[in-house]
Amino acid sequence: MLFSRHSFARLFSAGVLILLLASFLPLQPARAAGVRYAAPTAQGSGDCSSWANACTLQTALTNAVSGDEIWVKAGVHYPGTAGNRAATFTLKNGVAVYGGFAGTETSRSQRDWVVNKTILSGDIDKNDAHGGDYINESASQIVGSNAYHVVTGSLTDSTAVLDGFVITAGQANGSVYDSIGGGMSLQFSGPTLTNLTFSGNLASTSGGGIYNAYGQPVLNNVTFSGNQANAEGGGMENYQSDLTLTQVTFSDNVAVTSGGGMFNQSGNLTLTNVTFSNNTAGNDGGGMFNQSGNLTLTNVTFSGNSANSGSGGGIYNIGGSSTLINVTFSANNADALGGGMYNNNSNPQLTNITFFSNYVVSGVGGGMANEGNSNPTLTNVVFRNNYALAYGGGLYNDSSSPTLVNVTFNGNLAYNDSGGGIYNSDSSPTLTNVILWGDSAPSGAEIYNAGSSAPLVSYSDIQGGYAGTGNINANPLFGNAAAGVLRLQLASPAIDAGNNAAVPSGIITDLDGNPRFVDITAVTDTGSGTPPIVDMGAYEAFPVLYADLTTQGNGKCYAWEHACTLQTALGRAVAGQEIWVKAGVYYPGAAGNRAATFQLKSGVAVYGGFVGTETARDQRNWATNLTILSGDIDQNDSNTDGNFIAETPADVQGSNAYHVVTGSGTDSTAVLDGFVITAGRANGSNFPDNHGGGMYNYGGNPALANITLRGNSAMYGGGIYNKSSSPILTDVIISDNSASSSSGY
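It should be emphasised that the depicted structure is a prediction, and the values quoted were computed from it without experimental measurement.

A. Focus on the sheet that holds strand β33 (residues 387-388). With parallel pairing, 10 strands are arranged side by side in an open sheet as β9-β12-β15-β18-β21-β24-β27-β30-β33-β36. Single-partner strands in this sheet number two, and they are β9 (171-172) and β36 (413-414). The pairing of strand β18 (residues 254-255) with strand β21 (residues 280-281) spans two bridges and is parallel. Directly across from alanine 255, in β21, lies its bridge partner alanine 281.

In C-alpha cells form, the structure reads like this:
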C-alpha cells in the first residue's frame, strides 16, 4: 500500500506516544554493567558471561543494561526464525554493540571487523541467492520472505552504538512502517553508527538501506551498497532529520523514483569525506535528491550516478539552502536537466568545485542546470568536458541568475544547439574573473543568451570577446587543456587581470588550495584592486613550486613550509614555473616500480641545492647541499661512505629504477640544474629498459647544468642515452658509469 509523507508524520506521532508510554513500564532488576558475549549460536551455559558461554545476540540485547558492551563473534546472526518477519535487532540507549571478534579477544582493540565479518542478516528463511558469503550484493538476491527491518532503533540517542557489522537482506515490503528501512529503521533516533556496511537491502517504498525520520544519527565509516527502494532513497532516506555523515560511501544503490544514493527532505545534513558513486534513480537525483533540506557538503564526490528519466544525475536540489566545499561531480548523467547538478528554486553556495565529464542524454545543462529562480554562487569552480545534447554544455540557466567568480570553462559541448559554455534563458548571471575558452556549440560556443537574458560580464577572458569592463579575448595559455591541466602558464594574459573586489570575503585560496592572491612580478597588472591582483579563472598562478623529501604542511607546493614531493611538483608544474628542491635523496618511486622516473617538462626548470629556507634562487649552493636523484628504489645499494651516491655501478644492488631521469619529448626550456644522478640500472630485457641508466632521452633536448651522473649502468648509455636528441650540457660530470654494449656516456 502506498501512502503520503503526511500519513507518515501522523503515524510517527502516534508511534512515539506508544514508545513513550512503554518507557514508563516497570524496569527489570538492575545489574552491574559490563561485557556480554554473543555468538551466532549459544555456547556453554549461554549466559553471555564469556566467549565459552556466549549467548545469541538477541539474548544479549534483551538482557543488556545501560553501560553494557556486547561483543559479537563473527558469523551470521539472524533476528528471528522463518516466518517471523517482524523480528529485528533493537538498539538500546547506553548499550554499545561491537562486531568483528574472532571469539578469543580479551580487549575490544583486538577485534578486526574487516577480517572477522559479523553479519546481521534479514534472511530468516535462509534461502537468499547470496552466493555463499551470506551477504547480498544487491537487493535482487533476496528470495522468499525476509525480516522487514534487520535493525531498529527508535527513541535512541548517541549512547546507542552499533559498530563493526554488515547489515544485509532486509526486506521492508510490508505495509506502512514495514515498507521503509529494509536494513535499518530509525524514528526519533540518534544512534552512533560506525564501521558498518548496508548491502543488498530492500524497501518497497523508502530507504532501502536506512529510513530515518525526526532523528539525529551520526554515521562514521559506513558503506551503503546494492540497496534498493521502490520509491525514494535507495541507500538512505531522511525525513526532517539532522544527520552527520563522515567517511561514508554510497555505491550501486537504486531508487525506482528519486534519490538513488540518498533522499533528503527538510533535514539538515553535514557530509564530510562522502562518496556517491554509480547510484541510479529512475527519475531524479541519481546520487542525491534534496528537497527543502539544508546541506553542508565538504570533500564530497559524486561520480557515475544516473537520473535515468529525470534530472540531477549527481544531485537534485529543490528549495533549501546548501553549502558545498571541495566537491567533485564527474561522469554523472541525467536524461533531462543537469548531468552533474540540478537546482530548482535553490541557491547553493559552491566553493572549490569541479564539474567534469557530466552529461545529459536528451536535454540541457551538462554540468549544471538552474531553473525556477535559482541563484547559486560559484567561486573557484571548473566546468570541463561536460556535454548536453541541446543547450548549455557546461551551464544552463532558465529564469535564474547565478553569480560566478573565478570560474573556468573549457571543453564543454552543446551538441545540437547553443551555449557550449553557458546558455541563458531569461537569465542574467554575473560573471567576474571567469575564463570561457575552448567550448563548442553550433551557435554561441561560449555564451548564448535567449529571451530577456542580460549577463553582466567583467574582468573575464571570453573566447570571441564579450562586452564589459576589463574583459579580454586572448588565449589563456592553460598548462595542458587536453590533459585537463587548466592552471595558467606564467605567460598567460589572465594572470593579475581579475577584479579583487569580486572575490567573496574569506576566499584566500584557489581551487588547488594555493594562495588566491599572488603577484607575478614579471607580469604587468591589468586587473582592478590593490596588488597582488587576483588572476582570472579557478587557479592562481605562482612562479615557484617547492619540493622536499616528504610532504610538509598542506603539501600544496607553494612555500617551503608547504612543500610537496618532487614527483608531485613535476606533475603539477606548468610552463614558466620553477621547482626548487631541498637537499637530500630523492627516489622516483617505490621498491618494485622499476619504470618510475623523474620526467622533465618543457618550460619547467628544476633546481637543486637548497637548504629549504631560501627566498631567491641565487642563495642555493648545489655543491654543499647535495640534492641526489637516486635509482635505488629498494634502498639496499652499498653505501659504505654514507653519502647515498653509487661511486661505481658495483655499488648497485637489487632491482633499481631503469632510468632515474627522463627527458624525452622536451625542448631546451626543460631545465635540470644542481643534482647528482646516480644508481640507475637499465638492465631490462627490452628497449628502452636497457638504455640510459642515469638519463634517457628519446626525441628530447633538455638543458642540463651543474649535474653529476655517477654509478649508473645500462646495456647502452650507462650515464645518458640519447636518440634523436640534442641535450645541452653545461658543467656536467659523467663519471664511473658503465655500459655492457656501448658507451658509458
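B. The arrangement of the state of the cysteines in detail. Going through the model one piece at a time under the given rule, you end up with two disulfides. What pairs with cysteine 48 in a disulfide is cysteine 55, and their sulfur atoms sit 2.0 Å apart. Across the S-S bond of cysteine 48 and cysteine 55 the torsion is about 115°, and the bridge reads as right-handed. For cysteine 48, a relative accessible area of 2% translates into the label buried. The class of cysteine 55 is buried, set by a relative accessible area of 1%. Put simply, cysteine 557 and cysteine 564 are joined by a disulfide, and their sulfur atoms are 2.2 Å apart. On the S-S bond that ties cysteine 557 to cysteine 564, the torsion sits near 120°, and the link is right-handed. Since its relative accessible area comes to 0%, cysteine 557 is described here as buried. The class for cysteine 564 is buried, based on a relative accessible area of 1%. When the bonded cysteines of the protein are numbered from the N-terminus onward, they pair as 1-2, 3-4.

C. Just the packing of aromatic side chains, in detail. Summed over the entire model, instances satisfying the criterion amount to 28 aromatic pairs. When the ring of phenylalanine 188 is compared with that of tyrosine 214, the centres are 5.0 Å apart and the planes differ by 10°; the resulting orientation is stacked. Of this pair, phenylalanine 188 sits in the loop between β10 (184-187) and β11 (192-199) while tyrosine 214 sits in the loop between β13 (210-213) and β14 (218-225), placing them 26 residues apart in sequence. Centroid distance tyrosine 423 to tyrosine 448: 5.4 Å. Interplanar angle 10°. Geometry classified as stacked. Of this pair, tyrosine 423 sits in strand β37 (residues 422-425) while tyrosine 448 is found in strand β40 (residues 447-450), placing the two residues 25 residues apart along the sequence. Among the aromatic side chains, those forming a connected cluster through ring pairs are Phe198, Phe224, Phe250, Phe276, Phe302, Phe329, Phe355, Phe383 and Phe409. The ring centre of tyrosine 98 lies 4.2 Å from the NZ or CZ of arginine 108, which sits over that ring. When the ring centre of tyrosine 607 is taken as reference, the NZ or CZ atom of arginine 617 above it lies at 4.3 Å.

Cut-off values and rules
Residues numbered from 1 in each chain as written. Predicted model: local features only at pLDDT ≥ 70, side-chain atom pairs only at ≥ 80, totals over all residues. Heavy atoms only, no water. Pairing = 2+ DSSP bridges. Helix = DSSP H or I, 4+ residues; strand = E, 2+ residues; numbered from the N terminus. Disulfide = S-S within 2.5 Å. Buried < 20%, exposed > 50% of the residue type's maximum accessible area, 1.4 Å probe, protein only. Phe/Tyr/Trp six-rings, centres within 6.5 Å; stacked < 30°, edge-to-face > 60°. Lys NZ or Arg CZ within 6 Å of the ring centre and 35° of its normal.

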